[in-house]
Amino acid sequence: GIKNIFYNHDKDYMIIVYADNNMDMLCDNGHCYNLPEIKDANMTDDKTINDIAFGHDRFAVATNFGLVIYDDNKREVAESGIYRQAIEAVDFCGDNIVIYSPYMMMFSPVSERHNTINSFKVFGGTYTNRVLAINDNTVVWPDLNSNCLTISKLDFDTPDRNNEFTSFKVDGPIMKCKDGFYFKSGDKVLIYD
């Protein structure tokens, strides 16, 4: 019952997400570690896992109830936040965590605690299902109103973002690769490095 696989290109391991929201960490040396904390959590909230991002010796798990951040060296939960609202996308952008919760892109410094949704500052309204950091202050996301790829420069001090709407249609998920990302556009696969 594998639902999704997320690969950490910097540390060569993958997180396998199963239909029951159980997770395994599979390392390049063949070792496999079970991470059942979300599946086994004693809560009535929906535990669906939507996205996983890697950075700062951690991985962040976006769920339908909030955010769970693991220490990937110890393979244990470092912190969690039950927001009672879905976090649909997450990524590490420089020294910040960027999340997308319906209609809002938000951020918080990695060094802060993330136990409430109020830990995050709002960048503004958006309609998307994926946010990928491509450097310390830039994210890409598909604008689901226009189905076009959008590149946003983020100013974490203001907070503000400068959107550049491209003419590239996005016909599927945007996927991270070692040196950038790729996505389907019409009958082509476009790679951004």
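Below or above, wherever it landed, is the structure these notes cover. Only a predicted model underlies this, so the values are computations on that prediction, with no experimental measurement involved. (Residues numbered from 1 in each chain as written. Predicted model: local features only at pLDDT ≥ 70, side-chain atom pairs only at ≥ 80, totals over all residues. Heavy atoms only, no water.)

**Description of the sheet that holds strand E19 (residues 188-192)**
Here is the rule we go by: Note on pairing: DSSP must find at least two bridges between two strands before they are called paired. For helices the rule is a DSSP run of H or I covering at least 4 residues; for strands it is a run of E covering at least 2, with both sets numbered from the N terminus onward. Simply put, an axis is a line fit to the C-alpha atoms, just over the touching stretch for a helix, and the angle between two N-to-C directions goes from 0 to 180 degrees.
A sheet is described by the order of its strands in space; here three strands give the open sequence E17-E18-E19, paired in antiparallel fashion. The sheet is open, and its two borders are formed by strand E17 (175-177) and E19, each paired with just one other strand. Across the sheet, the mean angle from the axis of one strand to that of its neighbour is 30°, orientation sign disregarded. In the sheet, strand E18 (residues 180-185) pairs with E19 via five bridges, with the strands oriented antiparallel. Note that in E19 the partner of Phe183 across the bridge is Leu190.

**So, the nonpolar core**
Quick reminder of the rule: Think of a nonpolar core as a cluster: buried Ala, Val, Leu, Ile, Met, Phe, Trp, Tyr and Cys residues, connected wherever their side-chain atoms sit within 4.5 Å. Whether a residue is buried, partly exposed or exposed follows from its accessible area with a 1.4 Å probe, protein chains only, as a fraction of its type maximum: under 20%, in between, or over 50%, in that order.
In this structure, Ile15, Met23, Ile38, Ile52, Phe59, Val61 and Tyr70 are the most contacted members of the largest nonpolar core, which totals 18 residues. Of all the elements in the fold, those that place two or more residues in this core are strand E2 (13-18), strand E3 (23-27), strand E5 (49-55), strand E6 (58-63) and strand E7 (66-71). Residues Ala60, Val90, Met106 and Val110 belong to the second largest nonpolar core, which totals 15 residues.

**Quick word on the environment of Asn4**
The condition that has to hold: Residues are treated as being in contact if the distance between any of their heavy atoms lies within 4.5 Å.
Its location among the elements puts Asn4 in strand E1 (residues 2-8). Classification of Asn4 as partly exposed rests on a relative accessible area of 34%. A C-alpha to C-alpha distance of 19 Å links Asn4 and Thr128, two positions 124 residues apart in sequence. Ignoring anything within four residues of it in the chain, the contact list for Asn4 reads Ile15, Ile16 and Val17.

**Side note on the environment of Thr48**
For clarity, the threshold we go by: Any pair of nitrogen or oxygen atoms within 3.5 Å is treated as a polar contact; in protein, a donor-acceptor pairing is required on top of that, and neighbouring residues in sequence qualify only through side-chain atoms on both sides.
Within the secondary structure layout, Thr48 lies in the loop between helix H1 (37-40) and E5. Aside from chain neighbours lying at most four places away, what touches Thr48 is Lys3, Asn21, Ala62, Thr63 and Asn64. In terms of polar contacts, Thr48 uses its side chain to reach the side chain of Asp46, at 2.6 Å.

**Structural notes on the side chain of Ser185**
Residue placement: Ser185 occurs in strand E18. Excluding residues within four positions of it along the chain, Ser185 makes contact with Phe168, Lys169, Asp171 and Leu190.

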